[in-house]
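Residues per chain are reported as follows:
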Amino acid sequence: MAPMTEFSQSRLSAVLGPTNTGKTYLAIERMLGHGSGMIGFPLRLLARENYDRVVRLKGAAHVALVTGEEKIVPPGARYFLCTVESMPVDRPVDFLAIDEVQLCADAERGHIFTDRVLHARGRHETMLLGAETVRAVLRKLVPEAEHISRPRFSTLSYAGVRKLTRLPPRSAVVAFSAAEVYAMAELIRRQRGGTAVVLGALSPRTRNAQVAMFESGEVDYLVATDAIGMGLNLDLDHVAFARLSKFDGHTVRALSASELAQIAGRAGRHMAAGTFGTTGDAGPLAPELVEAVENHRFDPVRTLYWRTRDLDFRSPRLLLKSLDRPPPGPQLMRVRGTEDLQALAALARDAEIVALARHPAAVRLLWEVCQVPDFQKTLSDQHARLLARIYRYLAPGDGRLPEDWVARQVARIDRIDGDIDALVGRITQIRTWTYVSHRADWMTDAGHWQERAREIEDRLSDSLHERLTQRFVDRRAAMLVRRLGTGGDLLAAVKNNGDVLVEGEFVGRLEGFQFRADGTVDGAEAKPLLTAARRALTGTMPGRVRDLERDADDAFTLEADGRLAWRGMAVAKLTRGESALRPEIDPLASEFLDGRSRERLRLRLADWLRRYLESELAPLYRLADAAARPGLGGHLRGLLFQLAEAFGLVPRRGVADQVRGLTRADRRALADLGVRLGAESIFLPALLPSRSARLRGHLWALHRKMTPPLLPRLGRRMPPVAGIDLAHYQAMGYRQMGGSILRADTLERLAREARRLATQGPFAVPPRIRDLAGGMTEAEEVLAALGYQVRRLPEGTQVLTPDRSANGKAGGKARARRRRPSPAAESPFAKLRELNRDR
C-alpha cells in the first residue's frame, strides 16, 4: 500500500499496474482523506458496489451515486461514485479519479475516457488508475502526471489445457457468446451440479445474485463472457478460456495478451495465487502469450480515441461536421461509428427532425437524445425510431414526454414470462427507459417513472436469476460433489411429512413404509444418495411402526383400489379371506420391514378393518348374525342366509317359495333387520348408497379372485361395466334388466308405476318411467324384462299387459298363460294378487 506521503506534493498521479493491485481501494482511501471527491468507474456495477462501500464508511447522507440509470444525490453529498459518462465534471471537488484509463483505447467508449483524462481534475488531487499499457501515451498527453507502479499482490501462472469436466473447484470458464456460455453451463450442471452464469447483458442485480451463489459456495463454477474481466472481484482460483478469439462488433479476431491478462487476472485475489489455462476445444496458449500474461508485459497503447468538445449546434449538418474534426495530436485518433454518432446521422436524414432542429437549443437537444444508450446493442433501426419519436415529443411544446405514451411503452415490458433470452431482452429495454426517466427535464413526473422503471428492472432481474438458477444449477448434485470431495458421510433425515433429505436436499419420499426415490436421482450421484437415504430410513422404521400401532382409527382409510392407507399413504392391500366379509391384510413390500414388524402392522390394520367393515356394512353383519340364531323358522333362516350370501339383495322370483312361507312374525323380524320385501327384489335399502355399493363390489370381486373393476359414478342407474356379471351387480344393490342396470329401489318404483298403469289396460310409456329407466329405449327393455308386451306403433310405443290384446279382448294365448302361469313370464297382475295374498 502506497503511503500517504507519496501523494503529498502531487496534484496529478497515474497509478498503473495489473489486476489485483489494490488501485481502486487506494483511490477510495485517498478520496475519503479529502473533504469532497468523485470517482468515475467504467461500469454501473462498479459504481454501485463502491457507492455501497463508501456509504458504510461515511453514511448515506454524504454519498452520491450518479450513473445513466440511477441517481442518488442527497442534498449534503460530498463523495460521488459515478460511471465515467455520467460524471458531473462541472461540479468542483477536492479529489477526482478515473478508473481503468486503458479504456481510452476502446473504439466505442474510449473518447469519453480520453476526455476525462485530458480535462477532468480535482482541486487538490487527481488520480488516473489503469494498466501499465497506457504509461507511455499518458506521459506524452499529461506530462505533469506522476507515475506510480503497483505490483500484483499474488502470482498468476499458466496451468495448461484441461477438459471442461476436469476443472478444479472455484474455476471460471470464459467464452464469448451467450450460446457458448449456455452450452458449457449445461455440461457443468450435469457433471458438477451447477454453475453461476455471468453475461454482459445481465442487469447488475441479476449479475450480483449469480455471483453471490458462487461466492457463497453454493456452486463451485462460473461460466461467463469477458464481462468478468472488469468490475467483478471474485474468489477465483482458476480461469479457463474456452475460446481465444472474439467478435468485436466488426470482425472475429484473436484476443490480445493484455485482454487475456485482464480476464485471467480475476484468478487469485489479494495474496492468494491464481492460475489460468484453456479447455480442450481452445487448445494450448502460445508460449509468448503465456510469458506476457505471467509477467504482465504487453504491447503499449500508442493512440487513444478522441472526439472534439467544440461542437457546432447551429444545425444537424454542422453538428455532424464538427464531430468529424481531426484530433490535435498524433497520440489521439478520432472515434468513428459510435452509437450516438450513428443515431445522429440517421435522424439528420429525417426531414421532419431537421425541420424541428432549427436553432442551437433544438440541435443540442437532438444531440442529447442521440446519446440515449442502445442497451440491446442490436444496431438496428428500432433504436433510431425510438429516438426520433422521443425528439418529436420533446422539441415542440413544453419539452415533456406524454405520460400516456411513456406508460404504454413501459407496460409492454412489464412481463416476467418467457425464457432467459426473452427476460434479458426486456431488461435491456427497461434500462433505456430507466436512463430516460433520469432526464428530469424530459418527464412531467420523473420520480414516478424512475421508481416504476426500477421496480420493473428488479422484478425482471429476479425472474432472470431464478430462470438461470433453474436451468444451470442442480443444488442436490452440487452438494453431493462437494461432500464426496471431503470424504465424509452424507447426512440424511426424514421429515414428518415423509420427505427424505440428504444434506438438506430432497431425494425422495417415504410413502407409508416404501421409499420412492425422486425421479431426478440418477447417474453417478444415485448410489451414494440412496445409500444415505436408506441408512436414515432404516433407523426411523421402528418408531414409524409404533406410530401406526398407536394411531387413532380415523388415521386409516380403505382406498377405491382396495389398498389400506395410513394418513393418506398406502401401507397394505386386501387379499381373499375365508369369506367375502372377512378379507385378509397383506402389508405392502418394504425393504425396511422385517417379519416381526410386518406382523405388527398386519394385526393393527386387521383390527381396524374389522371395525370399519362392521360399521360400513352393519345391516349385512346383523343379517348374517340373525341367520345363525337358534329357533328360526326354515323359510326365514333360508331367506336370511341367501340375503347374507348375496350381499343384501336377491330377486324375489328366486326366493318366492321362502317368501310365501313367511309368517307374520317372520315378516316383522325382517322389517326389524331393515329388509324390504319388494315386488321385484328382497333387499336392504340401507346398503344402497354408492359408498357402501362400491365397498361390496370390491369385496365381492376380491373373494371370487377377480380384479376389482373400475366403477363409474353410481346412482339410480349405472352403465354396463366390462367384467361384471349378474351376481356382481346384485352384490352392489343393482338389477340387470335387459341391457339396463337399475338400483333395486329404482326398479321397485318403476315396476310399481307400471302396475298402476296396467290396471287400466294398454298404456304409452309415461315420462316418469322413462326418467327412472334413463330413456325410452331403456324403459322398453326394462318393461319387457318385467313381462310386459311392448309394441312400437307409428303414433308411439304401446305397452300391453300379458293378459289382454290391443283391443282389450283376451286372446287364446293369454288365456293359456292364465291357466298355466310361467315363472319366466309372470303376469304383473299375478304378482299383485300374490303380494296382496302375502300381506
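First things first, this report covers the structure right here in the doc.

Analysis parameters
By convention here, each chain's residues receive numbers from 1 onward along its written sequence. Reporting of local features is limited, given that this is a predicted model, to residues whose pLDDT is at least 70; pairs of side-chain atoms are given and counted only at 80 or more, and all residues count toward the totals for whole chains, interfaces and linings. Excluding hydrogens and water, the side-chain values take into account all heavy atoms of the structure. A carboxyl oxygen of Asp or Glu within 4 Å of a side-chain nitrogen of Lys or Arg is what we treat as a salt bridge. Segments assigned H or I by DSSP are reported as helices when at least four residues long, segments assigned E as strands when at least two residues long, and all are numbered from the N terminus. With a 1.4 Å probe rolled over the protein chains alone, any residue whose accessible area is under 20% of its type maximum counts as buried; one over 50% counts as exposed, and the rest are partly exposed. When DSSP finds two or more bridges between a pair of strands, those strands are recorded as paired. By definition, residues are in contact when any of their heavy atoms lie within 4.5 Å. Helix axes are fitted to C-alpha atoms over the stretch in contact, other axes to C-alpha atoms as well, and angles between N-to-C directions run from 0 to 180 degrees. Aromatic pairs are defined between Phe, Tyr and Trp rings, using the six-membered ring for Trp, whenever the two ring centres lie within 6.5 Å; interplanar angles under 30 degrees are classed as stacked, those over 60 as edge-to-face, and all others as tilted. Look at NZ for Lys and CZ for Arg. If either is within 6 Å of the ring centre and within 35 degrees of the ring normal, a charge sits over the ring.

Evaluated as defined, the whole model comprises 51 salt bridges. A salt bridge links Arg-309 to Asp-115, with the shortest nitrogen-to-oxygen separation between them at 2.7 Å. Here Asp-115 lies in helix H3 (residues 110–119) and Arg-309 lies in the loop between strand E17 (304–306) and helix H9 (316–323), a separation of 194 residues in the sequence. For Asp-115, a relative accessible area of 14% corresponds to the buried category.

As a further point, take the sheet that holds strand E29 (residues 681–683). Strand order in this open sheet of 3 strands is E27-E29-E28, and the pairing throughout is antiparallel. Looking at strand neighbours, the two that pair on one side only are strand E27 (649–651) and strand E28 (676–677), the edges of this open sheet. Strand contacts of helix H21 (residues 634–645): E27, E28 and E29, with the helix running at about 115 degrees to E27, the strand carrying the most contacts.

Under the criterion given, the structure shown has 9 aromatic pairs. Ring centres of Tyr-158 and Phe-276 lie 5.5 Å apart, and the angle between their planes is 45 degrees; this geometry places the pair in the tilted category. Linking Tyr-158 in strand E9 (residues 156–162) with Phe-276 in strand E16 (residues 274–279), this pair joins segments that are 118 residues apart in sequence. Ring geometry for Tyr-182 versus Phe-472: centroids 5.7 Å apart, planes at 25 degrees, classification stacked. Here Tyr-182 is found in helix H5 (residues 178–192), whereas its partner Phe-472 is found in helix H16 (residues 446–472), with 290 residues between them in sequence. Note on accessibility: Tyr-182 and Phe-472 belong to one class, buried. Taken together, the aromatic side chains of Tyr-393, Trp-405 and Trp-433 make up a single cluster linked through ring pairs. Above the ring of Tyr-182, the side-chain terminus of Arg-471 is found at 5.0 Å from the ring centroid. Arg-704 extends its terminal NZ or CZ atom over the ring of Trp-700, reaching a point 3.3 Å from the ring centre.

Bringing the sheet that holds strand E19 (residues 492–494) into the picture now. Spatially, 4 strands are ordered E19-E20-E21-E22 in an open sheet, and the strand pairing comes out antiparallel. The two strands at the open ends of the sheet, each matched to only one other strand, are E19 and strand E22 (514–517). Neighbouring strand axes in the sheet, compared pairwise and without regard to direction, differ in orientation by 25 degrees on average. Where E19 lies against strand E20 (residues 499–502), 3 bridges are found, and the strand directions are antiparallel. When the bridges of E20 are listed, Ala-493 appears paired with Leu-501.

A few words now on the pairing of strand E5 (residues 79–83). Strand residues, when the strand is regular, have side chains that alternate between the two faces of the sheet. Counting buried positions along E5 yields 5 of 5 residues, so the element is predominantly enclosed. The side-chain alternation of E5 yields two buried faces, one formed by Tyr-79, Leu-81 and Thr-83 and the other by Phe-80 and Cys-82. Where strand E2 (residues 37–41) and E5 come together, 5 bridges link them in parallel fashion. Bridge pairing links Gly-37 to Tyr-79 in E5.

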